[in-house]
Amino acid sequence: MSEVKIAAQLRTEFGKGAARRIRRANQVPGVIYGHGQDPKHVSMPGHELLLALRTPNVLISLDIEGDGKELVIPKAVTRDPLKGFLEHVDLLSVKRGEKVTVEIVVSTEGELAPGGNLLEHVLNALPVEAEATHIPDGVTVSVEGLEAGTSILAKDIPLPKGTTLAVDEDTVVLQVVAAQAEAPAEGEGEEAEGAEGAEAAAE
């Protein structure tokens, strides 16, 4: 995983009013946690940060004005519920060679067995432990030919070298379920019975 370099500034003002001023300047307020240090409050350019966060678990090299460089990964991102812009970001400070626990996306490939079967994602993301500078973007698992009643467990998913599960290996991640037959709409059965009765009377 390549690093994304972003310039940042230390924040000295806090509260909703200060956060609004930061966002009006096209910056995003954030807090850096980790390694037993006191939380570090920073602001970062909104557009650059938005682009970086398109990559899950992106590794960011922050160049903090007057405070040096800090290697971080995103832990929590708050967006405006209506407009979608970034409101706040929590960042975890990491070091090269350090192991971190993150969640990675599980993608699938292949077609299920015929018969209208459905694939259910029991876990939307898989918790794993990986080196901070080598976090996989995600994993892909084949569902080719799987039939209803089949489950894919955490231990069944191939992980990149250096990545291990951070969840019980028997945890169900995906399962194949049979499509449910649609029940007749309310009143349809009664109408059919009524029509049959009328036909019989006419005969």
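The structure under discussion appears in the preceding block.
Residues numbered from 1 in each chain as written. Predicted model: local features only at pLDDT ≥ 70, side-chain atom pairs only at ≥ 80, totals over all residues. Heavy atoms only, no water.

Enquirer: Even after reading the chapter, I still don't get the side chain of Asp80, so can you show me in this structure?
Expert: Residue placement: Asp80 occurs in the loop between strand E5 (68-79) and strand E6 (86-93). No salt bridge forms around the buried Asp80; measuring N to O, its nearest opposite-charge neighbour Lys83 is 6.5 Å away. Among the polar contacts made by the side chain of Asp80, one reaches the main-chain amide nitrogen of Lys83 at a distance of 2.6 Å. If sequence neighbours within four positions are ignored, Asp80 has contacts with Phe85 and Glu87. (Helix = DSSP H or I, 4+ residues; strand = E, 2+ residues; numbered from the N terminus. Buried < 20%, exposed > 50% of the residue type's maximum accessible area, 1.4 Å probe, protein only. Lys, Arg positive; Asp, Glu negative; His and termini not counted. Salt bridge = Lys/Arg side-chain N within 4 Å of Asp/Glu carboxyl O. Polar contact = N/O pair within 3.5 Å; in protein donor to acceptor, adjacent residues only side chain to side chain. Contact = heavy atoms within 4.5 Å.)

Enquirer: Please explain helix H1 (residues 16-24) as it appears in this structure.
Expert: Within the sequence span of H1, burial applies to Ala18, Ala19 and Ile22. Each buried residue of H1 lies within a common arc of 100° when the element is viewed along its axis, so the set occupies one face. Facing away from the buried side of H1 by over 90 degrees, the exposed positions are Lys16 and Arg24. The inward-facing, buried residues of H1 abut strand E2 (27-33) and strand E3 (40-45). Remark: Asn26 follows H1 within two positions and exhibits a positive phi of approximately 60°. (Arc of directions from axis to C-beta.)

Enquirer: Teacher, can you tell me more about the pattern of salt bridges here?
Expert: Two side chains carrying opposite charge are able to pair once their charged atoms lie near each other. Under the definition given, this model contains 5 salt bridges. Glu3 is the salt-bridge partner of Arg96, the closest N and O atoms lying 2.5 Å from each other. In this pair, Arg96 is assigned in the loop between E6 and strand E7 (99-109) and Glu3 in strand E1 (residues 3-10), connecting sequence segments 93 residues apart. With a relative accessible area of 56%, Arg96 lands in the exposed category.

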